[in-house]
Amino acid sequence: MAETFSCHKVSEGVIEGEVLVSTDDLCFYLVDPETGKVIEKNHALEGQSVADKILIFPSGKGSSVVQADGMYQLKMTGKGPKALIIRYPDTVLVASSIIMELPVVDKVDEAFYEKIKNGDHVLLDADKGQVTIQ
Amino acid sequence: MKLTQEEQEMLDGKYGEGAKIALKIQVALGDVFKAERMVPVSRTHVALSNQDADIWFAEKMVEAGAKCRVSPTVNPGFNLEYFQCITTISKKDEEQIRRTRKAYKELGATLTFDCTPYQEKNVPRFGEITAYSESSATPFINSVYGARTNRESAQSALCAAITGRTPLYGFLLDENRKGEVLVDVQAKIRNDFDYQLLGYAVPKKLKFKTPVFVNVPTNPSPAALMNLGAQLNTAGNVPMYHIVGVTPEAPTLEAAFHGEEPKKIITITQEDLEKVHEEITDPGGKIDFALFGCPHFNIDQVKQVADLVKGKQLKVKLWIMTSALTKNLATKMGLLETLQAAGGDIVDDTCMDQPCWEFLYGKKGVTDSPKCAYYTKRRNMQFVIREVDECIEACMRGEI
């Protein structure tokens, strides 16, 4: 039974895919652009690939420069995430996502976070402000 | 967001495709952070990085015909001509830095190639609305000058330079500039280096809150404040701090907190500083080089190193990274000659996180900067982090 939750558009787009949940903040400079795997030591996703995933994490981190460069390299190799669902938007992550045309939402209904787990399939419609667990 | 007639025309393409793209990005940013309107900026700084995303976006804006309305100062890539004299630069890396220079020149940037513009070429007044990217710059602008900037990305700052405006949100608004966490410094703060450790230690206990420092010396040097901000923002995305009795928006404790109670009080002890120092430094041993100037050294710091090496001979090569303006000054003051006589050198227009340092990959050096050591992890450079005079002693022995 599909269930739909409200959210808020950060960067436009409509996409569906499998989710990957990170409890840690993320810096895309510490994701290997060749494999999409997180290489940051002791990160919740260390060794896991973000490629083609709808990535759920709290917040971005890292300097104004490296975050954008990490995202760009992943976009070029096609090993990047399909979309992002975040809790705390910061200027660097938001600006980078808009420029790279990566769909992003925040302010998702708390009930979503209680339901969602790794491997779930979701339909994310940033433009309408809706995310549906399928 | 409410746009003026000129902004609406910009969005409709009347001022060209470049300005249209830049404003579209800014409107989207403004929507996310609930900005009511745009405000004019009078200064900008772009954290040029000479990396792939940087060139891609800068060239995209050049092709779209963008010109900067408020010419930004820019960060360093690397000084191609200098490094071609001391090492081999690959064709690919040469091509990349040439493209970066060309793109920013065509955009109408002020080509300072310096990461500390707030010290000498792009200095705001109190309350001025600006758009700075660069992790050492945003805290200095907000905290030391009391001017206002958000923690811009390199690309969002370039958009602000092109449109001459920025969405009104975050640290541009009074209510978001108040202190949140009281930081009681029980550790001894003896010199500029201790501010590096203090800056790196605080975010671990802070989590994205604006700190208010008490019990630190009341007359810190510009380098001390630069170090504090650079490390706060590297270790924890903290683009503003207050020091009671030192920074302009904190004449008193009450003023720093806007009359409210601190959300939290934390204490930083000597042990905290020692622990963070231990965590971030690589172990000692034989060293191959010393690298200073992350962020770029000012003239006082250059003089400090020159005085320490005067009449001595270093066993390993030493570089100080700084701006072309400061290098010029150091040359006139005879400091460059002193450094070169000891086996050191000054390199301008250059950042440590650039491919020009490839000849040092896999080697171990000394530096006074945790930020330098943090960003070079991807380049396989090892750094022992010490205060400047200990670094110089290590250079004379060739080990630490």
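Residues numbered from 1 in each chain as written. Chains lettered and ligands numbered in written order. Predicted model: local features only at pLDDT ≥ 70, side-chain atom pairs only at ≥ 80, totals over all residues. Heavy atoms only, no water.

**Re the overall build of chain A**
1) Next: In terms of regular secondary structure, chain A is built from three helices and eight strands.
2) Next: Ordered by position from N to C terminus, the α and β elements of chain A give β-β-β-β-α-β-α-β-α-β-β.
3) Next: Taken over C-alpha atoms, the radius of gyration comes to 13 Å for chain A, in line with the 14 Å a tight globule of 134 residues would show.
4) Next: Counting only C-alpha atoms and orienting by the principal axes, one finds that chain A spans roughly 35 × 25 × 25 Å.
5) Next: Burial statistics for chain A: of 134 residues in total, 60% are counted as buried.
6) Next: Taking the intrachain contacts of chain A between residues at least 6 apart in sequence as the baseline, contacts between residues at least 24 apart amount to 71%.
7) Next: Counting every atom, chain A has about 5,600 Å² of accessible surface; 48% of that belongs to carbon and sulfur.
8) Next: Of the side chains in chain A, 13 bear a positive and 21 a negative charge, and the two mean positions are spaced by 2 Å. (Helix = DSSP H or I, 4+ residues; strand = E, 2+ residues; numbered from the N terminus. Rg over C-alpha atoms; globule rule 2.2 N^0.38 Å. Buried < 20%, exposed > 50% of the residue type's maximum accessible area, 1.4 Å probe, protein only. Contact = heavy atoms within 4.5 Å. Areas by Shrake-Rupley, 256 points an atom, 1.4 Å probe, with all protein chains shown as cover. Lys, Arg positive; Asp, Glu negative; His and termini not counted. Charge placed at Lys NZ, Arg CZ, Asp CG, Glu CD.)

**Remarks on the overall build of chain B**
1) Next: When its secondary structure is counted, chain B shows 16 helices and 14 strands.
2) Next: By the compact-globule yardstick of 21 Å for 400 residues, chain B fits well, its C-alpha radius of gyration being 21 Å.
3) Next: Summarising its shape, the C-alpha atoms of chain B cover approximately 65 × 55 × 35 Å along the three principal directions.
4) Next: Each of the 400 residues in chain B was classed as buried or not, and the buried ones make up 59%.
5) Next: Counting only contacts in chain B whose residues sit at least 6 apart along the sequence, the fraction spanning at least 24 positions is 78%.

**A word on the packing of aromatic side chains**
1) Next: Tallied over the full model, the rule gives 17 aromatic pairs over all chains.
2) Next: Centre to centre, the rings of Phe 112 of chain A and Tyr 113 of chain A are 5.6 Å apart; their planes meet at 80°, and the pair counts as edge-to-face.
3) Next: Considering the side-chain rings of Phe 140 of chain B and Tyr 145 of chain B, the 5.4 Å spacing of their centres and the 65° angle between planes classify their relative orientation as edge-to-face.
4) Next: Judged by its relative accessible area of 4%, Phe 140 of chain B is buried.
5) Next: Judged by relative accessible area, Tyr 145 of chain B falls into the partly exposed class, the value being 22%.
6) Next: Aromatic rings pair up to connect Phe 78, Tyr 82, Phe 83, Trp 319, Trp 357 and Phe 359 of chain B into one cluster.
7) Next: Cation over ring: Arg 87 of chain A sits above Tyr 113 of chain A, and NZ or CZ is 3.9 Å from the ring centre.
8) Next: One residue, Arg 69 of chain B, lies across the ring of Tyr 15 of chain B, its end atom 5.2 Å from the ring centre. (Phe/Tyr/Trp six-rings, centres within 6.5 Å; stacked < 30°, edge-to-face > 60°. Lys NZ or Arg CZ within 6 Å of the ring centre and 35° of its normal.)

**With respect to the sheet that holds strand β4 (residues 130–132) of chain B**
All names here are of chain B.
1) Next: Ordered in space as β3-β2-β4, the three strands form an open sheet in which the pairing is parallel. This sheet does not close on itself; its edge strands, each paired only once, are β3 (73–74) and β4.
2) Next: With two bridges joining them, strand β2 (residues 43–46) and β3 adopt parallel strand pairing. Paired with His 45 across the strands is Thr 73, a residue of β3.
3) Next: With respect to the sheet, helix α7 (residues 154–163) is in contact with β2 and β4, its orientation differing from that of β2 by roughly 145°. (Pairing = 2+ DSSP bridges. Axes fitted to C-alpha atoms, helices over the stretch in contact; angles between N-to-C directions.)

**Quick word on the domain arrangement of chain B**
All names here are of chain B.
1) Next: Domain annotation for chain B reports domain 1 (5–174), domain 2 (178–278) and domain 3 (281–397).
2) Next: Placing the centre of domain 2 and that of domain 3 at their C-alpha centroids yields a distance of 26 Å.
3) Next: Both faces considered, domain 2 and domain 3 share a buried interface measuring about 1,200 Å² in area, 56% of it formed by carbon and sulfur atoms.
4) Next: Inspection of the region where domain 2 meets domain 3 yields one salt bridge.
5) Next: Across the pair Arg 190 and Glu 387 runs a salt bridge, and its minimum N-O distance is 3.1 Å. (Domains from an automatic or database assignment. Buried area = accessible area lost by both parts, 1.4 Å probe. Salt bridge = Lys/Arg side-chain N within 4 Å of Asp/Glu carboxyl O.)

**A look at the packing of helix α3 (residues 52–63) of chain B against α7 of chain B**
Residues and elements named next belong to chain B.
1) Next: The interhelical angle for the contact between α3 and α7, taken along N-to-C directions, is 20°, at an axis separation of 11 Å. Between α3 and α7, the angle is such that the two are roughly parallel. In this structure, α3 meets α7 at a crossing whose hand is right-handed. Note on element contacts: α7 touches α3 through Gln 155, Leu 158, Cys 159 and Ile 162, opposite Ala 53, Asp 54, Phe 57, Ala 58 and Met 61.
2) Next: Of the residues assigned to the contact of α3 with α7, the class counts are seven nonpolar, one polar and one charged. (Parallel < 35°, antiparallel > 145°, perpendicular 65-115°, else oblique. Left-handed = near helix turned anticlockwise from the far one by under 90°. Nonpolar A, V, L, I, M, F, W, Y, C, P; charged D, E, K, R; others polar.)

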